[in-house]
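Per-entry structural report
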Amino acid sequence: MKRMLDLKDRDVKQLSAYLDGELNPKEASRLELRLKDDPQLQQVLRELNRTKQLIGSLPQIRPPRNFTLTPEMVGIKQKRSLYPVFRFATVVAAVAFAVLVGTDAFLRSGTGIMLTADQMVEVTHEVQVEKLAEAPAFEESPAMEAAEPAMEAPLGAVGEEQPLASVAEDTDVFETEGVEVSVTEEAANRVELMPSGTPMPPSDSLTVPTPTLEEWRGPTETQPAVPSPLPTSSLVITTEPEVPRSTLEPIRATEVGLGVLAVILGVVTFILRRRH
Amino acid sequence: MMVAAMDETELIRDAQRGDLDSFNRLVLNYQSLVFNVAYRIMGEPDSSADATQEAFISAYKHLKSFRGGSFRSWLLRIVTNACYDELRRRKRRPSTSLEELTEFSEGSDSQEPDTFGSHVASPETEAENIELSAAIQDCISRLSAEFKIVVVLVDVQGYDYQEVSDVINRPVGTVKSRLARARLKLRDCLQRHRELLPASFRYEDEAIS
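As the structure is a prediction and not an experimental result, all values here were calculated from the model.

**Side note on the overall build of chain A**
- Broken down by element type, chain A carries eleven helices and two strands.
- Across chain A, helices and strands are ordered from the amino to the carboxyl terminus as α-α-α-α-α-α-α-α-β-β-α-α-α.
- For chain A, the proportion of its 276 residues judged to be buried stands at 24%.
- Pairs at least 24 apart in sequence give 78% of the contacts found in chain A among residues at least 6 apart.

Here you go:
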């Protein structure tokens, strides 16, 4: 009995595949031979065929809607959120850059750093005087050395941004025996405030009491006074622009960094906008 | 609107590069097939639509794993897997499934959704066709998932054994065996709806086993 059922199972499988044309020619011809003599196999074949046709008669259903995908469905939404972030960062960087540059320019103009055309000429003259002073045939007198700290101290007091230009604005330029000499008003005033009994070194022109200025100057270096073999006829004050200029570097670097950052962010924002 | 094979290859390539519009053209081309397969397996429009949508989303996300061959088979494998998962979930919630089956077998409000090629028929004939379709769908729904998929792909959609074998990732012999047993079960089930069957389709009284 069990063998009969197994045989039937196998026969049903063969008949089902035969209906679909899925038997190889050898199997198909063998089954056809059996079908001729076996009415039970014929009946099963008919019923399987009817079942197949009934199932095949099911109509195709019209989809209730379209199933096209949106970017949100597949997670493309995240890319969009980058654009407003970069736009905001660009604005912040640009505003910070503008504020920093504006503040820097304001501070410089407020402390006399901005130069007029006349003052630029004066600065040029000063540089020429410096070159003359450095010449081997022309050495500084003790009075000149003493006056130098008087120049540096007010500069340090004003602030970091005190380059050569600040000296130029507050400087009185006068000529003594063909050589231009410049002294800051502040230094000159301090000279005037010196006690009248202070011993003054011999000089034809302006002299400054050294001990008083040394106290006022504080820890700054003093160069040893070398007696001049030649008669000193004027006072030459040299300036050292490198010292205040080095203090400007952090601000300038920040300005440049912010400017570059704003440009890069702007470019990235523009690209994101185009892609969007 | 069918997309030519050459166009389909290009659309798949573009979609693999992330072009959603190209993929959506493939969706429009295959959505009817995918929905019909899902509907015949699930037997219910809402969950069929959900499975269809899930299948297309999954297909897009895994499109780079498609290495050529039949895109239709690859897509059908995804949708049948989605249906498998949904049917397994339903099995864990048998109350819902039983209610749906009872409603279907009683033929209360079970109606086929909109169908293609609506030919002119009398209201009486139309009603009979709807009842017959509901009865067949009821019998398919009673099959286990692995039988259901094979019957739907071969007898409803008309695919050959090899393609079904590719879809379900099983040998052709398995397809042949499952289909034969599924047809026997359907024959037995449809005999219970004998009064709905057309005269030419009525079974003889003899049972096989």
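So much for the structure itself; the text now carries on.
**Topic: the confidence of the model for chain B**
Residue and element names in this part refer to chain B.
- Overall, the prediction assigns chain B a mean pLDDT of 83, with 79% of residues at 70 or greater.
- Low pLDDT, under 50, characterises residues 96-110; the stretch is placed with 14 contacts to residues that sit more than four places away or in other chains.
- If you check the scores for this complex, the pTM reads 0.56 and the ipTM reads 0.82.

**A few points about the interface of chain A and chain B**
- Of the residues lining the interface, 32 residues belong to chain A; the matching set on chain B comes to 46 residues.
- At the level of elements, α1 (2-19) and α3 (39-56) of chain A are the ones that each hand at least two residues to the side of chain A that touches chain B.
- Ranked by residue count, the leading element in the side of chain A that touches chain B is α3(A), at ten residues.
- The residue inventory of the side of chain A that touches chain B, partitioned by class, reads 17 nonpolar, seven polar and eight charged.

**Considering the nonpolar core**
- Ranked by internal contacts, the top residues of the largest apolar core, which has 62 residues, are B:Ala38, B:Val79, B:Val150, B:Val151 and B:Val164.
- The residues touching B:Val164, leaving out its near neighbours within four places in the chain, are B:Val150, B:Leu153, B:Val154, B:Tyr159 and B:Val175.
- A:Ala93, A:Phe97, A:Ala262 and A:Leu265 belong to the second-largest nonpolar core, a separate cluster that totals five residues.

Conventions used here
Residues numbered from 1 in each chain as written. Chains lettered and ligands numbered in written order. Predicted model: local features only at pLDDT ≥ 70, side-chain atom pairs only at ≥ 80, totals over all residues. Helix = DSSP H or I, 4+ residues; strand = E, 2+ residues; numbered from the N terminus. Buried ≥ 20, exposed ≤ 12 C-beta atoms within 10 Å, placed from the backbone. Contact = placed C-beta atoms within 7 Å. pLDDT = per-residue confidence, 0-100. Nonpolar A, V, L, I, M, F, W, Y, C, P; charged D, E, K, R; others polar. Core = buried A, V, L, I, M, F, W, Y, C linked by C-beta atoms within 7 Å.

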